[in-house]
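Architecture and fold: a report
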Amino acid sequence: GGGVALLIRKDISFETINTTNDQQREIVGVRIHVNSKVLDIYSLYNPPKTILDRNLLEGIFSNNNNFILCGDLNAIINSNKKNRNGHILLDVLQTN
């Protein structure tokens, strides 16, 4: 696949978040602990011509107060371009 990775410094406390990869997309997640704060970080690879999984995105948004979602989503948020993944991502962002 496209491959995903997260690199964490040795002195930062973290735990792996259980995520489910399928045959099309890959995701990894970690929960880091810094100064009594918690931050979840996800790296997601969604290949071209693969529709974003709305349930996956909504699960990340609904289960976390503090998180970063990075990676290659193959989503363009631009009203002048027709990109289904961009519309899905924008809708999830606006509703969450």
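Heads up: the structure comes first, above all this text.
Described in the following lines is the structure provided in the data block. (Residues numbered from 1 in each chain as written. Predicted model: local features only at pLDDT ≥ 70, side-chain atom pairs only at ≥ 80, totals over all residues. Heavy atoms only, no water.)

Another aspect to go through is the overall build of the protein chain. Secondary structure summary: the protein chain contains 2 helices and 4 strands in total. Within the span of the protein chain, comprising 96 residues, buried residues form 28% of the whole. Long-range contacts, defined here as pairs at least 24 residues apart, represent 44% of the contacts in the protein chain between residues at least 6 apart. Surface accessibility of the protein chain: about 6,700 Å² in total, with carbon and sulfur atoms responsible for 47%. Between the centroid of the 10 positive side chains of the protein chain and the centroid of its 9 negative side chains there is a distance of 6 Å. (Helix = DSSP H or I, 4+ residues; strand = E, 2+ residues; numbered from the N terminus. Buried < 20%, exposed > 50% of the residue type's maximum accessible area, 1.4 Å probe, protein only. Contact = heavy atoms within 4.5 Å. Areas by Shrake-Rupley, 256 points an atom, 1.4 Å probe, with all protein chains shown as cover. Lys, Arg positive; Asp, Glu negative; His and termini not counted. Charge placed at Lys NZ, Arg CZ, Asp CG, Glu CD.)

Right, let's get into the sheet that holds strand β4 (residues 67–72). Sheet strands associate in pairs through backbone hydrogen bonding, adopting either a parallel or an antiparallel arrangement. Pairing is mixed in the open sheet, where 4 strands are placed in the order β1-β2-β3-β4. The open sheet terminates on both sides in strands that have one partner only, identified here as β1 (13–17) and β4. When strand polarity is set aside, the average angle formed by the axes of neighbouring strands in this sheet is 20°. Sheet topology note: the β1/strand β2 (residues 26–34) ladder contains 5 bridges and is antiparallel. (Pairing = 2+ DSSP bridges. Axes fitted to C-alpha atoms, helices over the stretch in contact; angles between N-to-C directions.)

The full count for this structure, using the stated rule, is 3 salt bridges. The closest approach of N and O atoms between Asp11 and Arg9, which form a salt bridge, is 2.8 Å. Assessed through its relative accessible area of 55%, Arg9 is described here as exposed. Put simply, Arg31 and Asp40 hold a salt bridge, and the shortest N to O gap is 2.6 Å. (Salt bridge = Lys/Arg side-chain N within 4 Å of Asp/Glu carboxyl O.)

Let's shift gears to the packing of helix α1 (residues 54–63) against helix α2 (residues 84–95). Look at α1 against α2: their axes get within 10 Å of each other, and the N-to-C directions meet at 30°. Comparing the axis directions of α1 and α2 gives the class roughly parallel. Seen along the crossing, α1 lies across α2 with a hand that is right-handed. Residues Arg54, Leu57, Glu58 and Phe61 of α1 form the contact with α2, whose own contacting residues are Ile88, Leu89, Asp91, Val92 and Leu93. Among the residues making up the contact of α1 with α2, the classes are represented as 6 nonpolar, no polar and 3 charged. (Parallel < 35°, antiparallel > 145°, perpendicular 65-115°, else oblique. Left-handed = near helix turned anticlockwise from the far one by under 90°. Nonpolar A, V, L, I, M, F, W, Y, C, P; charged D, E, K, R; others polar.)

Worth remembering: the numbers are spatial, not functional.
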